[in-house]
Amino acid sequence: MSETTITNIPGYKAGTWTIDKTHSSVSFSIRHIVISKVKGTFDDFDATFVTGENPLQTSVTASAKVVSINTNEPGRDGHLRTGDFFDAETYPTIDFVSTGVRVVKDDYLVDGNITIKGITKPATFELEFGGFGGDPYGNYKFGATAKTEVNREDFGLTYNAALETGGMLLGDKVTITLELQAALNA
């Protein structure tokens with residue numbers, strides 16, 4: 001796909017943007033005991049966005065601290081930090097670095113590499129713009145939702161248990177959802 005200039009994003013500005021952590025979240029969900037999904041968040045994260053004159057030249061770097069995992073169950077959170085899952089002591093962060101932005105039909109896609117437990121794999125986030133605008137404090141911001149799905153086993157997260165009723169305790173696919181608000185640096 002050849003790169004073109006996008007001009008139809010109302011309020012778009014080129015520059016460096018810093019994540020507003022109080023108005024953003026990093027969450028995930030995974031199938032649990034076949035019948036439902038468990039959700040969680042990473043409460044300590046950071047991200048920087050650099051938007052070019054052409055939105056397709058935008059770059060993203062992001063990181064989440066594994067020790068900040070929160071599923072509202074302290075015992076499970078502690079287990080997720082161990083070598084059975086993320087091994088937070090050895091691999092303290094989950095990182096994403098974009099490699100490109102593209103438009104397919106009317107959908108924005110952010111391609112990049114995600115690193116979990118020391119293993120790097122490609123990932124594509126589907127991006128839904130919320131828009132651009134000023135807040136009451138004089139900051140210029142953008143909002144967006146980004147979503148992707150990864151196979152946890154591709155990153156060495158293979159812990160599981162068979163259920164007496166059939167099936168496995170955990171599914172392989174993990175949905176990652178980012179609710180983003182960022183401020184343009186002055």
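Data block above holds the structure.
This is a predicted model, so every value here is computed, not measured.

(A) Main features of the packing of aromatic side chains. Using the criterion set out here, one finds 11 aromatic pairs in the structure. With 6.0 Å between their ring centres and 85° between their planes, Phe42 and Phe86 make a pair best called edge-to-face. Of this pair, Phe42 sits in strand β3 (residues 36-42) while Phe86 is found in the loop between α1 (74-80) and β7 (93-104), placing the two residues 44 residues apart along the sequence. As far as the burial class goes, Phe42 and Phe86 line up, both buried. Counting every residue linked through ring pairs, the aromatic cluster contains Tyr12, Trp17, Phe49, Tyr108, Phe129, Phe132, Tyr140 and Phe142. Its end group placed over the ring of Tyr140, Lys13 keeps NZ or CZ at 4.0 Å from the ring centre.

(B) Fine view of the environment of Ala88. The residue Ala88 is located in the loop between α1 and β7 in this model. Taking the relative accessible area as the measure of exposure, Ala88 reaches 6% and is therefore buried. Sequence-wise, Ala88 and Ile69 are 19 residues apart; in three dimensions their C-alpha atoms are separated by 9.8 Å.

(C) Layout of the nonpolar core. If you look at the biggest cluster of nonpolar residues, it comprises 44 residues, and the most contacted ones within it are Phe42, Phe49, Phe86 and Ile114. Setting aside its immediate chain neighbours within four residues, Phe86 contacts Phe42, Val66, Ile69, Leu80, Arg81, Tyr91, Ile94, Ile116, Lys117 and Leu157.

(D) Up close: the environment of Ala62. Its place among the elements puts Ala62 in strand β5 (residues 59-65). In sequence terms Ala62 and Thr93 are 31 residues apart; their C-alpha atoms lie 9.8 Å from each other. Excluding residues that lie within four positions of it along the chain, Ala62 makes contacts with Asp46, Ala47, Ile94, Asp95 and Phe96.

(E) Molecular detail of the pattern of salt bridges. Applying the stated criterion to the full structure yields 5 salt bridges. The partner of Asp135 in a salt bridge is Lys141, with the nearest N and O atoms 3.5 Å apart. Just as Asp135 is buried, Lys141 falls in that class too. Within the structure, one salt-bridge network assembled from shared partners comprises Asp20, Asp135 and Lys141.

Here is what the cut-offs are and how they apply
- Residues numbered from 1 in each chain as written.
- Predicted model: local features only at pLDDT ≥ 70, side-chain atom pairs only at ≥ 80, totals over all residues.
- Heavy atoms only, no water.
- Phe/Tyr/Trp six-rings, centres within 6.5 Å; stacked < 30°, edge-to-face > 60°.
- Helix = DSSP H or I, 4+ residues; strand = E, 2+ residues; numbered from the N terminus.
- Buried < 20%, exposed > 50% of the residue type's maximum accessible area, 1.4 Å probe, protein only.
- Lys NZ or Arg CZ within 6 Å of the ring centre and 35° of its normal.
- Core = buried A, V, L, I, M, F, W, Y, C linked by side-chain atoms within 4.5 Å.
- Contact = heavy atoms within 4.5 Å.
- Salt bridge = Lys/Arg side-chain N within 4 Å of Asp/Glu carboxyl O.

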